[in-house]
Amino acid sequence: LVSYVDKQAEARFVAGLNELLPEAGFIAEEGTGERAEGLNWVIDPLDGTTNFVHGMPCYCTSVALVRGGDVLLGVVLEVNRDECFAAWAGGGATLNGMPIRVSSRSQLQESLLATGFPYDDFGFEAEYMDLLRELMHRTRGIRRLGSAAADLAYVACGRFEAFYEYGLNSWDVAAGVILVREAGGQVSGFRPSKDPVFDEEIVASNSAIHAELLEV
């Protein structure tokens, strides 16, 4: 689904960010702007469009600045709760200006996890359902909000211990990745060789349960 809000919000982001940093390019969900060799803004103007269209109150804007594969800063605004999550490399992570940290729970069985379901990439459907079934038994519970940006922001502030999903794009996760890392968490692909921003698979956690979750 794509709404006029996706398109109009993205156009406004591109126009405003271009004034702030004219040399940066754009990696934007709706294709506004052009990608550059060095710095790029990575924009999801409405993460959770299906929720928005159906009147479900969980959707975000997500903006990150990257240089190559490195995320330099990220901002996620969860619109309905008026919660603005922000982070920059080496500067920590904040929620509405106040510092945030990942949770301190150290056992998978005590953890609340978030995930998402693919819309069109069902190549790993059987493995995904096996994993879901296993984690249902080995965690405190699993939630599906419908916005990867919100999932990652909630890991960063300790509401979830971890988030995992496959089939995502860079604009879904770039801002959330630096939020989690700057809040003391860990982010990776399912496998060490995979980049969580650009390789369409991500595991983000509070660090303490990361190894156990990857093993599962």
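Structure shown above.
All of the points below concern the structure found in this document.

## Focus on the nonpolar core
Val 76, Phe 85, Phe 163, Leu 179 and Ile 202 are the most contacted members of the largest nonpolar core, which has 40 residues in total. Breaking this core down by element, the ones donating at least two residues are β3 (60-67), β4 (70-78), β5 (83-88), β6 (93-95), α4 (148-156), α5 (170-182) and β12 (201-205). Core analysis: the second largest hydrophobic core is formed by 12 residues, Tyr 128, Tyr 164, Tyr 166 and Ile 209 among them.

## Thoughts on the pattern of salt bridges
Summed over the entire model, instances satisfying the criterion amount to seven salt bridges. When the shortest N-O distance is used, the salt bridge between Arg 159 and Glu 83 registers 2.8 Å. Pair noted here: Arg 159 is in the loop between α4 and β10 (162-166) and Glu 83 is in strand β5, with a separation of 76 residues, a long-range link. Classification of Arg 159 as partly exposed rests on a relative accessible area of 30%. Exposure remark for Glu 83: the relative accessible area of 8% places this residue in the buried category. For the salt bridge of Glu 201 with Arg 191, the shortest nitrogen-to-oxygen distance reads 2.8 Å. Here the residue Glu 201 occupies a position in strand β12, and Arg 191 occupies one in the loop between β11 (186-188) and β12, the gap between them amounting to 10 residues. Judged by relative accessible area, which is 8%, Glu 201 ranks as buried. By relative accessible area, which is 43% here, Arg 191 ends up partly exposed. Linked through salt bridges whose partners overlap, the residues forming this network are Arg 81, Glu 83 and Arg 159.

Parameters and conventions
Here, residues in each chain are numbered from 1, in the same order as that chain's written sequence. The predicted origin of the model limits local features to residues at a pLDDT of at least 70 and limits the giving and counting of side-chain atom pairs to 80 or more, whereas totals for whole chains, interfaces and linings rest on all residues. Only hydrogens and water are set aside when side-chain values are computed; all heavy atoms of the structure are taken into account. By nonpolar core we mean a set of buried residues, namely Ala, Val, Leu, Ile, Met, Phe, Trp, Tyr and Cys, connected to one another through side-chain atoms within 4.5 Å. Between buried and exposed lies partly exposed: a residue is buried under 20% and exposed over 50% of the maximum accessible area for its type, with that area taken using a 1.4 Å probe on protein chains only. Comment: elements are numbered from the N terminus, with helices defined as DSSP H or I runs of at least four residues and strands as E runs of at least two. We define a salt bridge as a contact between a side-chain nitrogen of Lys or Arg and a carboxyl oxygen of Asp or Glu at a distance within 4 Å.

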